[in-house]
Amino acid sequence: MTQTTVHVPLDDRAYDVLIGAGLLDRSGALIAPFLSRPRVAVITDANVAALHLEGLRAGLSDAGIDMIALTLPAGEGTKSWPHLTQAVEWLLEQKVERRDVVVALGGGVIGDLVGFAAAILRRGVRFVQIPTTLLAQVDSSVGGKTGINSPLGKNLIGAFHQPSLVLADTAVLGTLDPRDFLSGYGEVAKYGLLGDADFFEWLEANGPALAAGDMAARIEAVRRSVQMKADIVVRDETEQGDRALLNLGHTFGHALEAATGYSDRLLHGEGVAIGCALAFELSARMGLCSQEEPSRVRAHLAAMGMKRDLADIPGDLPDADGLLALMAQDKKVLDGKLRFILARGIGQAFVTSDVNPDLVRAVMRDALAARDGVRAPG
Ligand code: GLY
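Caption draft 1: Layout of the sheet that holds strand S2 (residues 15-20). Taken together, the seven strands give an open sheet; going across it, the order is S1-S2-S9-S6-S5-S3-S4, and neighbouring strands pair in mixed fashion. The open sheet has two edge strands, strand S1 (3-8) and strand S4 (66-72), and neither has a second partner. Between one strand axis and the next, the sheet turns by 20° as a mean value, whatever way the strands run. Bridge analysis of strand S6 (residues 126-131) against strand S9 (residues 165-169) gives two bridges, and the strand direction is parallel. Of the residues in S9, the one forming a bridge with Gln129 is Val166.

The following block contains the structure:
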């Protein structure tokens with residue numbers, strides 16, 4: 001299999017996600033049907049530009065499409081008002097019109113920022129996502145969440161604005177640092193854990209091969225992840241209910257990311273992976289699933305060489321109360337109550353606010369104690 005398509009059937013906002021190796025080379029032919037004139041404005045970051053911008057230029061030029069490009073600094077700091085202003089003003093200076101198409105070439109930061117710029121430019125222009133990380137291919141490029149961070153919290157400013165097309169070129173994943181690839185895999189595993197036990201079983205069998213570079217396995221993993229995300233987004237585009245399932249592992253994960261200062265001590269997908277293990281641990285303590293389930297989650301993460309316990313996070317962490325306080329700042333708090341995504345088993349997640357904080361505290365306390373046990377000298 002070299003290319004496959006997941007359709008996202010959102011009425012007049014429907015679009016395709018194309019998944020395959022070498023899509024960048026064919027980007028011109030794939031994007032051309034969306035253009036009213038043969039010109040696109042591309043926004044990317046410095047790291048991705050060095051690796052893929054000329055490839056995109058060549059792919060577009062093969063179909064006679066001109067490209068203008070803005071390169072922003074790489075890193076989470078780019079998802080901010082100053083760079084949003086820079087992007088929007090640049091698009092206006094380049095005379096990007098309402099019927100033009102803007103292209104986001106990069107990971108989640110670029111996709112979110114450029115999607116938001118497209119949402120507000122001239123009250124909305126179309127945009128194409130070309131996600132270059134595994135995390136962006138399976139999560140952030142699909143579903144229309146766009147935005148920037150505020151000093152008060154991540155992703156607090158934004159809009160729902162669906163792309164017109166997503167080109168997930170699995171060949172570009174070969175340029176990722178292995179740690180970044182595995183961090184994205186945290187989100188892939190999440191899909192199996194939240195809604196598809198067969199997919200999780202498939203990942204247990206094929207995960208190591210896809211991490212080692214098996215292209216057919218990479219395409220299949222991205223396809224199944226995107227299909228599950230598309231199904232959920234179609235049921236609940238603006239997250240009034242079911243879409244929150246996509247946050248499995250995120251309540252714990254965000255607290256750990258905040259505790260580590262959103263630094264490279266813990267990447268987002270690593271926090272999600274540890275968070276999934278903790279969500280299953282909490283589910284088992286609540287009698288919702290058997291104790292074997294959190295062990296199975298951890299065993300798979302271990303087989304993939306991924307972080308799975310608090311002991312895998314370097315440096316100091318706050319105590320259980322400190323971590324609970326960080327969870328309470330999560331944007332998933334509703335009417336002052338924390339919302340958790342728990343599971344009745346692998347592939348059977350559900351959303352609930354009915355969780356005893358003392359039990360959450362106990363799970364964190366035990367996880368921290370296990371960490372101290374592992375890390376104690378001698
Ligand atoms: N990344 C979660 C969502 O798109 O809803």
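Caption draft 2: Focus on helix H10 (residues 268-285). Its 18 residues give H10 an end-to-end C-alpha distance of 25 Å, which sits within 8% of 26 Å, the value for a rise of 1.5 Å per residue. Counting buried residues along H10, 16 of its 18 residues qualify, which places the element largely inside the surrounding structure. Phi turns positive one or two residues past the end of H10, at Gly287, with a value near 75°.

Caption draft 3: View of the site of the ligand. By nearness alone, every residue bordering the ligand is listed as Asp139, Lys145, Lys229, Glu239, Arg243 and Leu246. Residue Lys229 places a side-chain N or O atom 2.6 Å away from an oxygen atom belonging to the ligand. Starting from 200 Å² of accessible surface for the ligand in isolation, the protein chains cover 87%. When the residues that make up the shell around the ligand are grouped by side-chain class, the tally is one nonpolar, no polar and five charged.

Caption draft 4: Structural view of the environment of Val42. With respect to the helices, strands and loops of the structure, Val42 is situated in strand S3 (residues 39-45). The class for Val42 is buried, based on a relative accessible area of 0%. Setting aside its immediate chain neighbours within four residues, Val42 contacts Leu53, Leu56, Met67, Ile68, Ala69, Leu70, Trp90, Val103 and Leu105.

Caption draft 5: The environment of Ser141, seen in detail. Note on placement: Ser141 falls in the loop between helix H5 (134-140) and strand S7 (145-150). With residues near it in sequence (within four places) discarded, Ser141 still touches Gln129, Pro131, Ala136, Pro163 and Val166. At 2.7 Å, the side chain of Ser141 forms a polar contact with the backbone oxygen of Ala136.

Caption draft 6: Looking closely at the packing of aromatic side chains. Here the structure, examined in full by the defined rule, presents two aromatic pairs. Judged by centre distance (6.1 Å) and plane angle (25°), the rings of Phe199 and Trp202 are stacked. Linking Phe199 with Trp202, this pair stays in helix H7 (residues 197-212), spanning three residues, or about one helical turn. Ring centres of Phe252 and Phe340 lie 5.6 Å apart, and the angle between their planes is 50°; on these two criteria the pair is classed as tilted. Taken together, the residues span a long stretch of sequence, with Phe252 in helix H9 (residues 250-259) and Phe340 in strand S10 (residues 340-343) at a distance of 88 residues. The same class applies to Phe252 and to Phe340, which are both buried. Sitting over the ring of Tyr191, Lys190 keeps its end group 4.8 Å from the ring centre.

Reading guide: rules and limits
Residues numbered from 1 in each chain as written. Predicted model: local features only at pLDDT ≥ 70, side-chain atom pairs only at ≥ 80, totals over all residues. Heavy atoms only, no water. Pairing = 2+ DSSP bridges. Helix = DSSP H or I, 4+ residues; strand = E, 2+ residues; numbered from the N terminus. Axes fitted to C-alpha atoms, helices over the stretch in contact; angles between N-to-C directions. Expected span 1.5 Å × (residues − 1). Buried < 20%, exposed > 50% of the residue type's maximum accessible area, 1.4 Å probe, protein only. Near = heavy atom within 4 Å. Polar contact = N/O pair within 3.5 Å; in protein donor to acceptor, adjacent residues only side chain to side chain. Areas by Shrake-Rupley, 256 points an atom, 1.4 Å probe, with all protein chains shown as cover. Nonpolar A, V, L, I, M, F, W, Y, C, P; charged D, E, K, R; others polar. Contact = heavy atoms within 4.5 Å. Phe/Tyr/Trp six-rings, centres within 6.5 Å; stacked < 30°, edge-to-face > 60°. Lys NZ or Arg CZ within 6 Å of the ring centre and 35° of its normal.

None of the figures reported here should be taken as evidence of function without further support.
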